Amino acid sequence: MRYFSSLFLIAILSFSAFSATRAAETRWHSGGQLQARILYDEQSRKGALEIKLAEGWHAYWRMPGDAGLPPQLDWGASENIEKTETFWPAPMRFDIMGLQNFGYKDRFALPFTIT
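What counts as what
Residues numbered from 1 in each chain as written. Predicted model: local features only at pLDDT ≥ 70, side-chain atom pairs only at ≥ 80, totals over all residues. Heavy atoms only, no water. Core = buried A, V, L, I, M, F, W, Y, C linked by side-chain atoms within 4.5 Å. Buried < 20%, exposed > 50% of the residue type's maximum accessible area, 1.4 Å probe, protein only. Helix = DSSP H or I, 4+ residues; strand = E, 2+ residues; numbered from the N terminus. Salt bridge = Lys/Arg side-chain N within 4 Å of Asp/Glu carboxyl O.

Digging into the nonpolar core
Move 1: Membership of the largest hydrophobic core is limited to 12 residues, which are Ala36, Tyr40, Leu49, Ile51, Leu53, Ala59, Trp61, Tyr104, Phe108, Leu110, Phe112 and Ile114.
Move 2: Elements that contribute at least two residues to this core include exactly strand E3 (34-41), strand E4 (46-53), strand E5 (58-65) and strand E9 (107-114).
Move 3: For this core, the element with the highest residue contribution is E9, accounting for four residues.

As C-alpha cells, then:
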C-alpha cells in the first residue's frame, strides 16, 4: 500500500503547476470492483486518473506480461478533446498461476495531458 501511495504522491507532485483556483477534481465514480476520479488543472491541461481497486483485485499495466489485457482509456465521449497522452507509473510484478504479470493493486494514479 505504501508503494502505491508513493506513486500517487509522485503523480500529483509532478503536476506542481496545479493552482488552487484552477485545479478541479471529480467525485468518485464506482463501477464493478473499482472507484475512479479525475484530478485536473485547466491551465496546464494536466491531470491524473486516480483509481482505487477492491481488495484482492488488480489492474494490468500497459504491457500486462504473460496474461491479461492492457487497460484502454476511451475519451471518445468528450466533445472538446483533440488528443490525450497517458503516462504509466512503474508497475509491480505479480504471479498468477505461474505466469508473470505487471500491474497495480490497491490504489494508483495515471497522469495524463490533454490537447
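Re the pattern of salt bridges
Move 1: Here the structure, examined in full by the defined rule, presents three salt bridges.
Move 2: Arginine 37 is the partner of glutamate 25 in a salt bridge, and the nearest nitrogen-oxygen pair spans 3.0 Å. One end of the pair, glutamate 25, is in strand E1 (residues 23-25); the other, arginine 37, is in strand E3, with 12 residues separating them in the sequence.
Move 3: Of the residues examined, glutamate 25 reaches a relative accessible area of 53% and is grouped as exposed.
Move 4: On the accessibility criterion, arginine 37 (14% relative accessible area) is buried.
Move 5: Arginine 107 serves as the salt-bridge partner of glutamate 50, at 2.5 Å between the closest nitrogen and oxygen. Of this pair, glutamate 50 sits in strand E4 while arginine 107 sits in strand E9, and the two are 57 residues apart along the sequence.
Move 6: Through salt bridges with shared partners, a single network forms among Glu25, Arg37, Glu50 and Arg107.

What to know about unusual backbone geometry
Move 1: Notably, arginine 45 is not glycine yet its phi reads approximately 60 degrees, a positive angle.
Move 2: Take arginine 45: it is sitting in the loop between E3 and E4.
Move 3: Residue class for arginine 45 comes out partly exposed when judged on its relative accessible area of 45%.
Move 4: Within the chain, aspartate 106 stands out as a residue other than glycine whose phi angle is a positive 65 degrees.
Move 5: Relative to the helices and strands, aspartate 106 resides in the loop between strand E8 (99-105) and E9.
Move 6: Judged by relative accessible area, which is 32%, aspartate 106 ranks as partly exposed.

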